[in-house]
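Take a look at the letters that make up each chain.
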Amino acid sequence: MWVDHGGRTGCGGSGVTSALPWRWLVRHPRPEVVKGLCYGRLDVPAQPEDTERAAQTLARRLPEGLVLRSSPRQRCLALALRLHALRPDLVLQPPEAWLAEMDMGDWEGRLWAELPEAELTAWTEDFGHYQAGGTGESVGAFLARIEAGLRAERTQTDAQVWITHAGVIRGIHWLLEGRLASSGLPGEQEDSFVMESRLVGGGVRMASAPAPVSTGASGSSSLGPVDAAIAQRLPTAQEWPGIEIAFGEPWPLMERHRLRIRSDDC
């Protein structure tokens, strides 16, 4: 199922949401790579000093008792292990393959500036279906992997922190925000949510906050259920989220985002 843009379920449920984050998404620390290198599945290490900085910051500011999960790439795992050492109250779980970065195929380990122009053009012109690097994932396959992971998480209400990658965070943003906003549905700006936060002191400052969707006398959303065609559409290169994601910074997913995840049970 899909829920409407106000967070109300299409097959039962109260639609009541929490003001607290459901998930914290954290990009790995700065990797030890030359500037301009293409790396996705490539298992490059993170800079030790940046790993320590991120771990210390997260240890001070994340809530207690979160479940701690990570991509299997060492640049993520190193932060997860160091954070757990500083915060043993966090419940460390085995690595999750679906949280890994997009596979860039034969482009992996090469400089972006040196990649064949014809291949990059073909990719941007057929962004949803073209296999990156000829042998890697397409954006469509990458999003399908992320969405399958999100579906498995939909019924899990315990708060968690996921240490992952910029591509995964942007993919989640597209699945839960971008494709609906790009549909041109009326009222989209009323409930738009920029998934950007910065930890300030001991709290979180949201870059923008959601406003309620307008409702009629019956209390139902003026937008109605999200059309299935919107749920299936893939982004163009121009629509792919260009949001800046700092290394080691947490981004919140709220309860209302959990309610937007498509489920196969109805």
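If you check an unreviewed UniProt entry, the chain appears there as Phosphoglycerate mutase family protein from Lautropia mirabilis ATCC 51599.

(A) Just the overall build of the chain, in detail. The helix and strand inventory of the chain stands at seven helices and seven strands. Going residue by residue from the N terminus, the α and β elements of the chain occur as β-α-β-α-β-α-α-β-α-β-β-α-β-α. Looking at the 266 residues of the chain, the share that counts as buried comes to 48%. Within the chain, residue pairs in contact and separated by at least 24 positions form 76% of the contacts whose partners lie at least 6 positions apart. Split by element, the accessible area of the chain, about 12,000 Å² in all, is 54% carbon and sulfur.

(B) Focus on the pattern of salt bridges. This model, assessed by the stated rule, comprises eleven salt bridges. Measuring nitrogen to oxygen at the nearest pair gives 3.0 Å for the salt bridge that ties R260 to E177. Separated by 83 residues along the polypeptide, R260 in the segment after α7 (255-258) and E177 in helix α5 (residues 166-181) bring together distant segments of the chain. Each member of the pair, R260 as well as E177, is classed as buried. Connected through salt bridges with shared partners, the residues R23, R69, E96 and E153 form a single ionic network.

(C) Spotlight on the packing of aromatic side chains. What the rule picks out here adds up to seven aromatic pairs. For the ring pair W112 and W123, a centre distance of 6.2 Å and an interplane angle of 15° mean the geometry is stacked. One end of the pair, W112, is in the loop between β3 (91-92) and α3 (117-125); the other, W123, is in helix α3, with eleven residues separating them in the sequence. Of the residues examined, W112 reaches a relative accessible area of 33% and is grouped as partly exposed. Here the aromatic cluster, defined as three or more aromatic residues joined through ring pairs, consists of W107, W112, W123, F127 and W240.

(D) A look at the pairing of strand β7 (residues 250-254). When you tally the buried positions in β7, you get five out of five residues, the bulk of the element. Pairing of strand β1 (residues 21-27) with β7, which is carried by five bridges, proceeds in the antiparallel orientation. Directly across from R23, in β7, lies its bridge partner L253.

(E) Structural detail: the side chain of E153. Residue placement: E153 occurs in helix α4 (residues 139-153). On the accessibility criterion, E153 (5% relative accessible area) is buried. A polar contact of 2.8 Å, which involves the side chain of E153, links it to the side chain of R23. At a separation of 2.7 Å, a polar atom in the side chain of E153 contacts the side chain of R69. Apart from residues lying up to four places away in sequence, E153 is in contact with W22, R23, R69, W98, Q160 and W162.

(F) Structural context of the pairing of β1. Burial analysis of β1 places six of its seven residues in the buried class, which makes it a mostly covered element. Here β1 runs beside strand β4 (residues 160-164); their pairing, made up of five bridges, is parallel. Bridge assignment links R23 to a residue of β4, and that residue is Q160.

(G) View of the nonpolar core. Counting 32 residues, the largest nonpolar core has W107, W123, I146, L150 and I172 as the members making the most contacts within it. Going through the elements one at a time, β1, α3, α4, α5 and β7 are the ones with two or more residues in this core. Sorting elements by how many residues they give to this core places α5 first, with seven residues. Excluding residues that lie within four positions of it along the chain, L150 makes contacts with W98, W162, I172, L175 and I261. By size, the runner-up hydrophobic cluster in this structure holds 16 residues, among which are L58, A59, L68 and L79.

(H) Representation of helix α1 (residues 48-61) in the model. In this model α1 runs 20 Å from its N-terminal to its C-terminal C-alpha over 14 residues, within 8% of the 20 Å that 1.5 Å per residue would give. If you check which residues of α1 are buried, you get D50, T51, A54, A55, T57, L58 and A59. The secondary structure elements touched by the buried residues of α1 are β1, α2 (74-86) and β7.

Parameters at a glance
- Positions within a chain are numbered from 1, following the residues in the order the chain's sequence is written.
- With pLDDT at 70 or above as the cut-off, local features in this predicted model cover only qualifying residues; side-chain atom pairs require 80 or more to be listed or tallied, and sums for whole chains, interfaces and linings still use all residues.
- Side-chain measures were taken over the full set of non-hydrogen atoms in the model, leaving aside hydrogen atoms and water.
- Note on conventions: DSSP H or I runs of at least 4 residues are helices, E runs of at least 2 residues are strands, and numbering of each starts at the N terminus.
- The classification of residues rests on relative accessible area computed with a 1.4 Å probe and restricted to protein chains. Under 20% of the type maximum is buried, over 50% is exposed, and intermediate values are partly exposed.
- Residues count as neighbours in contact if any of their non-hydrogen atoms are within 4.5 Å of one another.
- Areas reported as accessible are Shrake-Rupley estimates using a 1.4 Å probe. Residue values count occlusion only from the protein chains shown.
- Salt bridge, as used here, is a side-chain nitrogen of Lys or Arg placed within 4 Å of a carboxyl oxygen of Asp or Glu.
- Side-chain rings of Phe, Tyr and Trp, where Trp is taken by its six-membered ring, are said to pair if the distance between their centres is within 6.5 Å; with planes under 30 degrees apart they count as stacked, over 60 as edge-to-face, and otherwise as tilted.
- Criterion used throughout: strands pair if DSSP finds at least two bridges between them.
- We call two N or O atoms a polar contact when they sit within 3.5 Å, provided that within protein one can donate a hydrogen and the other can accept it, with sequence-adjacent residues counted only if both atoms are side-chain atoms.
- What makes a nonpolar core is a set of buried Ala, Val, Leu, Ile, Met, Phe, Trp, Tyr and Cys residues whose side-chain atoms join them at distances within 4.5 Å.
- Any helix carries an expected span of 1.5 Å times its number of residues minus one.

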